[in-house]
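Working through the structure, step by step
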Amino acid sequence: MLPKRLTDRQLTSELAALAAWTRDGDAIVRHLTFADFPAAFGFMSSVAIVAEKLNHHPEWFNVYNRVEIRLTTHDVDGLSGSDISLAKRIDDLAAGALT
């Protein structure tokens, strides 16, 4: 079953609880900075395990200690509850990993 695209009202409500994320068109984005490359890569590995379990995978970019994560649901051409769920899990993982 495909996820449903969130309405602007639903998205506004959900984003209120995701302070570290910003909306960028049909995606939400978070920038993170870690102590070094191993910490950034370790974090990405932890996110990859969660993403696989949720069957929802991020678009991301890594340079040394910086990670940019972009979440969108391509199947609905926008944001869905899957993006919000993964963002919350990413926030939980980041809480223990950031410098």
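Everything below is about the structure shown above.
Presented here is a report on the structure given in the accompanying data block. As the structure is a prediction and not an experimental result, all values here were calculated from the model.

Helix and strand counts for the protein chain stand at 3 helices and 4 strands. When the helices and strands of the protein chain are placed in sequence order, the string is α-β-β-α-β-β-α. In summary, the protein chain has a C-alpha radius of gyration of 13 Å against a globular reference of 13 Å for 99 residues, a match within 12%. Considering only C-alpha atoms, the protein chain reaches an extent of 40 × 25 × 20 Å along its principal axes. Buried residues in the protein chain amount to 36% of all 99 residues. Looking at the protein chain as shown, the accessible area adds up to about 5,900 Å², and 52% of this sits on carbon and sulfur atoms. If you average the places of the 10 positive and of the 13 negative side-chain charges in the protein chain, the two averages end up 5 Å apart.

With respect to the helices, strands and loops of the structure, Asp83 is situated in helix H3 (residues 81-95). Put simply, Asp83 is tucked away with no salt bridge, and the nearest opposite charge, on Arg5, sits 9.2 Å away. At a separation of 2.6 Å, a polar atom in the side chain of Asp83 contacts the side chain of Thr73. The residues contacting Asp83, other than those within four sequence positions of it, are Ile28, His56, Leu71, Thr72, Thr73 and Gly78.

Once that is clear, we can look at the packing of aromatic side chains. Taken as a whole and judged by the stated rule, the model has 2 aromatic pairs. Ring geometry for Phe34 versus Phe43: centroids 4.9 Å apart, planes at 35 degrees, classification tilted. Across this residue pair, the class does not change: Phe34 and Phe43 are buried. Aromatic side chains Phe37 and Phe41 sit 5.8 Å apart centroid to centroid with 35 degrees between the ring planes, which places their arrangement in the tilted category. With Phe37 and Phe41 both in helix H2 (residues 37-54), this residue pair falls 4 residues apart, about one helical turn. For Phe37, a relative accessible area of 35% puts it in the partly exposed group. Exposure remark for Phe41: the relative accessible area of 46% places this residue in the partly exposed category.

Oppositely charged side chains can form a pair if their charged atoms are brought close together. Counted under the stated rule, the structure contains 6 salt bridges. In this structure, Arg5 engages Asp26 in a salt bridge whose closest nitrogen and oxygen atoms are separated by 3.1 Å. Residue Arg5 is found in the segment before helix H1 (8-15), and its partner Asp26 is found in the loop between strand E1 (22-24) and strand E2 (27-33); the two are separated by 21 residues along the sequence. The class of Arg5 is partly exposed, set by a relative accessible area of 42%. According to the relative accessible area criterion, Asp26 is partly exposed, its value standing at 36%. Residues joined in a network through salt bridges with shared partners are Asp24, Glu59 and Arg70.

About the criteria used
- For every chain, the first residue of its written sequence is number 1, and the numbers climb from 1 along that sequence.
- Restriction of local features to residues with pLDDT of at least 70 applies here, the model being predicted, together with a cutoff of 80 or more for giving and counting side-chain atom pairs; totals for whole chains, interfaces and linings are based on all residues.
- Think of the side-chain values as coming from all heavy atoms in the structure, minus any hydrogens and water.
- By definition, any uninterrupted DSSP run of H or I lasting at least four residues is a helix, any uninterrupted run of E lasting at least two residues is a strand, and each is numbered from the N terminus.
- Two things to know: the radius of gyration comes from C-alpha atoms, and the globule rule equals 2.2 Å times the number of residues to the power 0.38.
- To sort residues, take the accessible area from a 1.4 Å probe on protein chains only and compare it with the maximum for the residue type: under 20% means buried, over 50% means exposed, and anything in between is partly exposed.
- We get accessible surface area from the Shrake-Rupley algorithm with a probe of 1.4 Å; when it comes to residues, only the shown protein chains can shield them.
- None of His or the chain ends enter the tally, which takes Lys and Arg as positive and Asp and Glu as negative.
- Taken as the charge location is NZ of Lys, CZ of Arg, CG of Asp or CD of Glu.
- Throughout this description, the term salt bridge denotes a Lys or Arg side-chain nitrogen within 4 Å of a carboxyl oxygen of Asp or Glu.
- What qualifies as a polar contact is a pair of N or O atoms within 3.5 Å, subject to a donor-acceptor requirement within protein and to the restriction that residues adjacent in sequence count only when both atoms come from side chains.
- A contact between two residues is defined here by any heavy atoms of the two lying within 4.5 Å.
- A pair of aromatic rings is counted whenever rings of Phe, Tyr or Trp (Trp by its six-membered ring) have centres within 6.5 Å, and the orientation is called stacked for planes under 30 degrees apart, edge-to-face for over 60 and tilted otherwise.

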